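Understanding the architecture of this molecule
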Amino acid sequence: MDLNKLSLVFKIIIIAIVYIIISLALRIMYKDIKGGDKKNRRRHRKSLGLEIINAGNNSNLRKGAVIPIHGEVNIGRKSGNFIVLDDPYASGYHARIFLKNNDCILEDLNSTNGTLLNGNRVNGRKYLNSGDEIVIGNTSFKVIG
């Protein structure tokens, strides 16, 4: 008689586990149908680029060319930069443009002659918007996107 009661308890436990597994599976399928969990959705990141307005003395840059901004773009005279400028008014590591969250940021790296954003000297970090103009020495860029 005790064996029958124990067997009944095990049957109930197994049925409960099966119901839990089925309910979890249904929940996962429902989230997939609805487009996933809202917490895991990525925000759409706008794609920005730098259009070269004035190439200055730089033979490696062409007026009208567009440099996409993905991650981080370093600008300066030294060869370790993403954009290497042949400009006596540019510092070795002059400025950087980087993406943080959904924003594009310009940072002057304590350059000697400064970085201009829309005609104003940049101190520290400034947020970039489409249409902004960046001037480093004789070279100028326009933010597009």
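Residues numbered from 1 in each chain as written. Predicted model: local features only at pLDDT ≥ 70, side-chain atom pairs only at ≥ 80, totals over all residues. Heavy atoms only, no water.

1. Things to note about the domain arrangement of the protein chain
The domains assigned to the protein chain are domain 1 (1–36) and domain 2 (49–144). Relative placement of domain 1 and domain 2: their C-alpha centres are 60 Å apart. (Domains from an automatic or database assignment.)

2. Details of the environment of Asn58
Assignment of secondary structure puts Asn58 in the loop between strand 1 (48–54) and strand 2 (66–69). Residues Asn58 and Asp87, spaced 29 residues apart in sequence, show a C-alpha to C-alpha distance of 7.2 Å. At a separation of 2.3 Å, a polar atom in the side chain of Asn58 contacts the main-chain amide nitrogen of Asp86. (Helix = DSSP H or I, 4+ residues; strand = E, 2+ residues; numbered from the N terminus. Polar contact = N/O pair within 3.5 Å; in protein donor to acceptor, adjacent residues only side chain to side chain.)

3. So, the sheet that holds strand 6 (residues 103–108)
The mixed open sheet is built from five strands, whose spatial order is 4-3-5-6-9. The sheet terminates laterally at strand 4 (83–84) and strand 9 (125–128), the two strands that pair on one side only. (Pairing = 2+ DSSP bridges.)

4. Thoughts on unusual backbone geometry
Backbone geometry places Asn101, a non-glycine residue, at a positive phi of 55 degrees. By the secondary structure assignment, Asn101 is in the loop between strand 5 (95–100) and strand 6. You will see that Asn118, though not glycine, has its phi angle at about 55 degrees, which is positive. Tracing the backbone shows Asn118 in the loop between strand 7 (116–117) and strand 8 (120–121). The exposure class of Asn118 is partly exposed, given its relative accessible area of 42%. (Buried < 20%, exposed > 50% of the residue type's maximum accessible area, 1.4 Å probe, protein only.)

5. Points about the packing of aromatic side chains
Per the counting criterion, the structure on display carries zero aromatic pairs. The residue whose ring lies beneath Arg96 is Phe98, and the NZ or CZ to ring-centre distance is 4.0 Å. (Phe/Tyr/Trp six-rings, centres within 6.5 Å; stacked < 30°, edge-to-face > 60°. Lys NZ or Arg CZ within 6 Å of the ring centre and 35° of its normal.)

6. Let's talk about the pairing of strand 6
Burial within strand 6 is extensive, with five of its six residues counted as buried. As paired strands, strand 5 and strand 6 are joined by six bridges and run antiparallel to one another. Across the sheet, residue Ile97 finds its bridge partner in strand 6, namely Leu106. Taking the residues that link successive antiparallel strands as the turn, the strand 5-strand 6 hairpin has two residues, and the phi of Asn101 there is positive, at about 55 degrees. For strand 6 and strand 9, the ladder comprises four bridges, and the chain directions are antiparallel. The residue bridging Ile105 from the neighbouring strand is Tyr127, located in strand 9.

7. Brief notes about the nonpolar core
Core analysis: the biggest nonpolar cluster contains 25 residues, and Leu50, Ile83, Ile97 and Ile134 have the highest contact counts within it. Those elements that place two or more of their residues in this core are strand 1, strand 2, strand 3 (72–76), strand 5, strand 6, strand 10 (133–136) and strand 11 (139–144). If we ignore the near neighbours within four places in the chain, the residues touching Ile97 are Leu50, Ile69, Gly71, Glu72, Val73, Ile75, Cys104, Ile105, Leu106, Leu128 and Ile134. (Core = buried A, V, L, I, M, F, W, Y, C linked by side-chain atoms within 4.5 Å. Contact = heavy atoms within 4.5 Å.)

8. Description of the pattern of salt bridges
What the rule picks out here adds up to three salt bridges. When the shortest N-O distance is used, the salt bridge between Arg96 and Glu107 registers 2.6 Å. Of this pair, Arg96 sits in strand 5 while Glu107 sits in strand 6; the two residues are eleven residues apart in sequence, bridging distant segments of the chain. An identical accessibility class is assigned to Arg96 and Glu107; each is buried. We note a salt bridge from Glu107 to Arg125, for which the minimum N-O separation is 3.6 Å. Highlighted residues: Glu107 in strand 6 and Arg125 in strand 9, separated in sequence by 18 residues. Overall, Arg125 belongs to the partly exposed group, its relative accessible area being 45%. Look at the salt bridges and you will find they share partners, linking Glu72, Arg96, Glu107 and Arg125 into a network. (Salt bridge = Lys/Arg side-chain N within 4 Å of Asp/Glu carboxyl O.)

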